[in-house]
Amino acid sequence: MINNDLIDAIKSLSEPGCLDYIQMIFTIVGVIISAVALMFAIRIPRKIAYEQNKIALFEKRFQAYFAFQRLESFSNQLSRVNGINAYRKMFNYCFYEKDDNVFNGVEALLMLQKHIIPLQHMLFLFEGVSGKELSQMVESLCDLVEALEKNKDVELHKNRYMSIVQSFGNRYGNLMCKEMQIEIKK
């Protein structure tokens, strides 16, 4: 009889009871909560990385846009002054950020490299920018600097540079602002 009672007690423990079902429900709920937490743990860093990429892209685009603005500003200033010395002074002011009449063409061409590199990035940063037009703009600026150094054909190179910069600005200025999602009031 004691053996039968012991056997019955052991059999009853092996049958699923209320506690077993509650324990199973808690396990399933725990697995679901872990899966949701894992999804959020993956989603949040991904969103942060996406936002950081957008910021980095904006910064690169802004550097390129600012480099173009410097060229455009120089072009606009050239239209307001006359004479080689005034052109040299405007170049120094726009690119060296100094109000100086000393002009060294070789040094100026070397210094322009830091402004030309962000311009070259426009090809990758702004959809539709023409490499040919960009090259013409840079080439015309370098030709103008050489003309200022040699005092030869300055007006010809100045007018060519101003025309190319104006054309480039008319064609791509709004595109650049649109892709950076900024509004420029003129």
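Within every chain, residues take consecutive numbers counted from 1 along the sequence as written. Local features in a predicted model are, by the rule used here, given only for residues with pLDDT of at least 70; side-chain atom pairs are given and counted only at 80 or more, and totals for whole chains, interfaces and linings are based on all residues. Hydrogen atoms and water are omitted, and side-chain values are computed over all heavy atoms in the structure.

1. A closer look at the overall build of the chain
Inference 1: Secondary structure counts use DSSP, requiring at least four H or I residues in a row for a helix and at least two E residues in a row for a strand, with both numbered from the N terminus. The helix and strand tally for the chain stands at 7 helices and 0 strands.
Inference 2: The helix and strand sequence of the chain, counted from the amino end, reads α-α-α-α-α-α-α.
Inference 3: The proportion of buried residues among the 186 residues of the chain is 30%.
Inference 4: Taking as baseline every contact in the chain between residues at least 6 positions apart, the subset at least 24 positions apart corresponds to 64%.
Inference 5: As presented, the chain carries roughly 13000 Å² of accessible surface, and 58% of it is formed by carbon and sulfur atoms. With a 1.4 Å probe rolled over the protein chains alone, any residue whose accessible area is under 20% of its type maximum counts as buried; one over 50% counts as exposed, and the rest are partly exposed. Any two residues whose heavy atoms approach within 4.5 Å are treated as being in contact. Areas reported here follow the Shrake-Rupley algorithm with a probe of radius 1.4 Å; residue values treat only the protein chains shown as occluding.

2. Here's the deal with the pattern of salt bridges
Inference 1: Think of a salt bridge as a Lys or Arg side-chain nitrogen and an Asp or Glu carboxyl oxygen that are within 4 Å of each other. All chains considered together, the criterion is met by 5 salt bridges.
Inference 2: Between Glu179 and Arg61 there is a salt bridge; the shortest N-O distance is 3.3 Å. Taken as a pair, Glu179 in helix α7 (residues 154–180) and Arg61 in helix α2 (residues 18–78) lie far apart in primary sequence, 118 residues in all.
Inference 3: Classification of Glu179 by relative accessible area gives partly exposed; the value is 22%.
Inference 4: Here Lys158 makes a salt bridge to Glu155, at a shortest N to O gap of 3.5 Å. Taken together, the positions of Lys158 and Glu155, both in helix α7 and 3 residues apart, correspond to about one turn of that helix.
Inference 5: Take Glu155: its relative accessible area is 39%, and that puts it in the partly exposed class.

3. Focus on the packing of aromatic side chains
The relative placement of two aromatic rings is captured by the distance of their centres and the angle of their planes.
Inference 1: Pairs were defined over the aromatic rings of Phe, Tyr and Trp, the Trp ring being its six-membered one, requiring ring centres within 6.5 Å. Orientation was assigned from the angle between planes: stacked under 30 degrees, edge-to-face over 60, tilted for the rest. In the structure shown here, the tally under the stated rule is 8 aromatic pairs.
Inference 2: Judged by centre distance (6.1 Å) and plane angle (20°), the rings of Phe58 and Phe62 are stacked. Placement of both Phe58 and Phe62 in helix α2 is noted, with a separation of 4 residues, approximately one turn of the helix.
Inference 3: Looking at Phe58, the relative accessible area reads 34%, which means it is partly exposed.
Inference 4: Ring geometry for Phe74 and Tyr161: centres 5.6 Å apart, planes at 50°, overall tilted. Separated by 87 residues along the polypeptide, Phe74 in helix α2 and Tyr161 in helix α7 bring together distant segments of the chain. Grouping residues by exposure puts Phe74 and Tyr161 together as buried.
Inference 5: One aromatic cluster in this structure is built from Phe74, Phe91, Phe95 and Tyr161.

4. Points about a nonpolar patch on the surface
Inference 1: A patch is a set of surface residues, each over 30% in relative accessible area and not in a salt bridge, joined within 9 Å for like charges and within 5 Å for the nonpolar side chains Val, Leu, Ile, Met, Phe, Trp and Tyr. Together, Tyr21, Met24, Ile28, Ile32, Val36, Phe40, Ile44 and Ile48 make up an exposed nonpolar region whose accessible area comes to about 760 Å².
Inference 2: Assignment of secondary structure puts Ile32 in helix α2.
Inference 3: Given the relative accessible area of 49%, Ile32 is considered partly exposed.

5. A look at the nonpolar core
Inference 1: The term nonpolar core refers to a set of buried residues drawn from Ala, Val, Leu, Ile, Met, Phe, Trp, Tyr and Cys, joined through side-chain atoms within 4.5 Å. Core analysis: the biggest nonpolar cluster contains 41 residues, and Phe74 and Met122 have the highest contact counts within it.
Inference 2: Counting only elements with at least two residues in this core, the list comes to α2, α3 (84–96), α4 (105–120), α5 (122–125), α6 (131–150) and α7.
Inference 3: Looking at which element gives the most residues to this core, the answer is α7, with 10 residues.
Inference 4: In contact with Phe74, not counting residues within four places along its chain, are Tyr87, Met90, Phe91, Cys94, Phe95, Leu141, Leu144 and Tyr161.

6. Observations concerning α3
Inference 1: Between its first and last C-alpha atoms α3 spans 17 Å; for 13 residues at 1.5 Å apiece the expected length is 18 Å, and the two agree.
Inference 2: Of all the residues in α3, the buried ones are Tyr87, Arg88, Met90, Phe91, Asn92, Cys94 and Phe95.
Inference 3: Where α3 ends, the next residue or the one after it, Glu97, has phi of about 60°, a positive value. In this scheme, a helix's expected span is set at 1.5 Å multiplied by one less than its residue total.

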